[in-house]
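Spelled out, the chains give:
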Amino acid sequence: MTSTLVAKERKEIQNSVLAQLRKQGNIPSVVYGKNEESKSIVVKNVDLIRIIKEVGRNGIISLDVNGNSQDVILSDYQYDPIKRDVLHADFLYINSSTEIHAQVHVALTGTSKGVEDGGILQQSLHELNITAKPREIPETIEVDISNIQVNQTIKIGEIRNYYSNITINQEDEEVIVSVLAPRQEEEISTGEQQDGKTPENEEGRETKASN
């Protein structure tokens, strides 16, 4: 799926101008690529958010710069960690035959048998670094955890065959998800017989001498 994002070329690079663009709901951006001239552009914040929802984080975007459209992907972006506003975006020109690097979200599917038995699910990798042609980049990499038991793991090497059309740039032994044994409740022992008696009501207790 490809959606169109309208952009305008910009010449201004001063911080004061960029701040004003952001206040107006725009995102200062750059588009670049092999054998292509890099351009400073500006896109509307609401349009970019809409596009990402439509095509996904690694989806193909038809970027229309001053009426000239070319396919791109969102290569990187910077955002304000407090306001969560996008501050800057980088777009990469692509073609159907060029392989590119991308970060793809890991989605766990199913319910682990180990978790049903009281185990604790621990996901070690939430994104995977891959190389693939633009139209073959999956929106997510799904990992089925249905059969994983307590003290078992799923590693990178176990999912490669399911995604043979892409290259996962990580070691086979890297753990994606595991089920840990439930924590054993510690028994607290005082070394005394727990019979409901207290030192004050036991026979033979020391009594206060009477005058």
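A tally of helices and strands in the chain yields three helices and 13 strands. Classification of the 211 residues of the chain by burial places 33% in the buried group. Intrachain contacts of the chain at a sequence separation of at least 6 include 62% that bridge at least 24 residues. Surface summary for the chain: the accessible area is close to 14,300 Å², and the carbon and sulfur share equals 44%.

Considering soluble globular proteins, one finds that nonpolar side chains tend to be buried as a cluster. The biggest cluster of nonpolar side chains holds 26 residues, and the ones touching the most others in it are L128, I130, I141, I159 and I176. Secondary-structure elements contributing two or more residues to this core are β7 (100–109), β9 (127–132), β10 (140–144) and β13 (175–180). Top contributing element to this core by residue count: β7, with four residues. With residues up to four places along the chain from it excluded, the contact list for I159 reads L128, I141, V143, I154, I168 and I176.

Our next topic: the packing of aromatic side chains. Two descriptors summarise a pair of aromatic rings, namely the distance from one centre to the other and the angle between the planes of the rings. Inspection of the entire model under this criterion finds one aromatic pair. With centroids separated by 6.1 Å and ring planes inclined at 40°, the aromatic side chains of Y77 and Y79 adopt a geometry described as tilted. Residue classification places Y77 among the partly exposed positions, given a relative accessible area of 34%. With a relative accessible area of 38%, Y79 lands in the partly exposed category.

With respect to the element layout, S112 can be found in the loop between β7 and α3 (113–116). Judged by relative accessible area, S112 falls into the buried class, the value being 1%. Among the polar contacts listed, one links the side chain of S112 to the backbone oxygen of I148, at a separation of 2.8 Å. In this view, S112 contacts I145, S146, I148 and V179; residues no more than four positions away in its chain are not counted.

Attention now goes to the layout of surface pockets. Each pocket or cavity is described by its volume, and for the largest pocket that value is around 230 Å³. Taken together, the elements giving at least two residues each to the lining of the largest pocket come down to β5 (68–79) and β7. When residues of the lining of the largest pocket are assigned to their parent elements, the largest contribution, five residues, is made by β7. When the residues that make up the lining of the largest pocket are grouped by side-chain class, the tally is five nonpolar, seven polar and three charged.

What helix α2 (residues 45–55) keeps buried is the set L48, I51 and V55. Buried positions in α2, seen along its axis, are confined to an arc of 60° and lie on one side of it. Opposite its buried face, α2 presents the exposed residues V46 and K53, each directed more than 90 degrees away. Packing partners of the buried residues in α2 comprise β1 (2–9), β2 (26–33), β3 (36–44), β4 (60–65) and β6 (86–93).

Let us now look at unusual backbone geometry. Phi angles above zero are rare outside glycine, and N66 is one such case at about 55°. Structurally, N66 is set in the loop between β4 and β5. Owing to a relative accessible area of 53%, N66 belongs among the exposed residues under this scheme.

Definitions and limits used
Residues numbered from 1 in each chain as written. Predicted model: local features only at pLDDT ≥ 70, side-chain atom pairs only at ≥ 80, totals over all residues. Heavy atoms only, no water. Helix = DSSP H or I, 4+ residues; strand = E, 2+ residues; numbered from the N terminus. Buried < 20%, exposed > 50% of the residue type's maximum accessible area, 1.4 Å probe, protein only. Contact = heavy atoms within 4.5 Å. Areas by Shrake-Rupley, 256 points an atom, 1.4 Å probe, with all protein chains shown as cover. Core = buried A, V, L, I, M, F, W, Y, C linked by side-chain atoms within 4.5 Å. Phe/Tyr/Trp six-rings, centres within 6.5 Å; stacked < 30°, edge-to-face > 60°. Polar contact = N/O pair within 3.5 Å; in protein donor to acceptor, adjacent residues only side chain to side chain. 1 Å grid on protein atoms, 1.4 Å probe; cavity = no way out; pocket = protein on both sides within 12 Å on 5 of 7 lines; lining within 4 Å. Points joined across faces, edges and corners; volume = space filled by probe spheres on them. Nonpolar A, V, L, I, M, F, W, Y, C, P; charged D, E, K, R; others polar. Arc of directions from axis to C-beta.

Taken by themselves, the reported measurements are silent on function.
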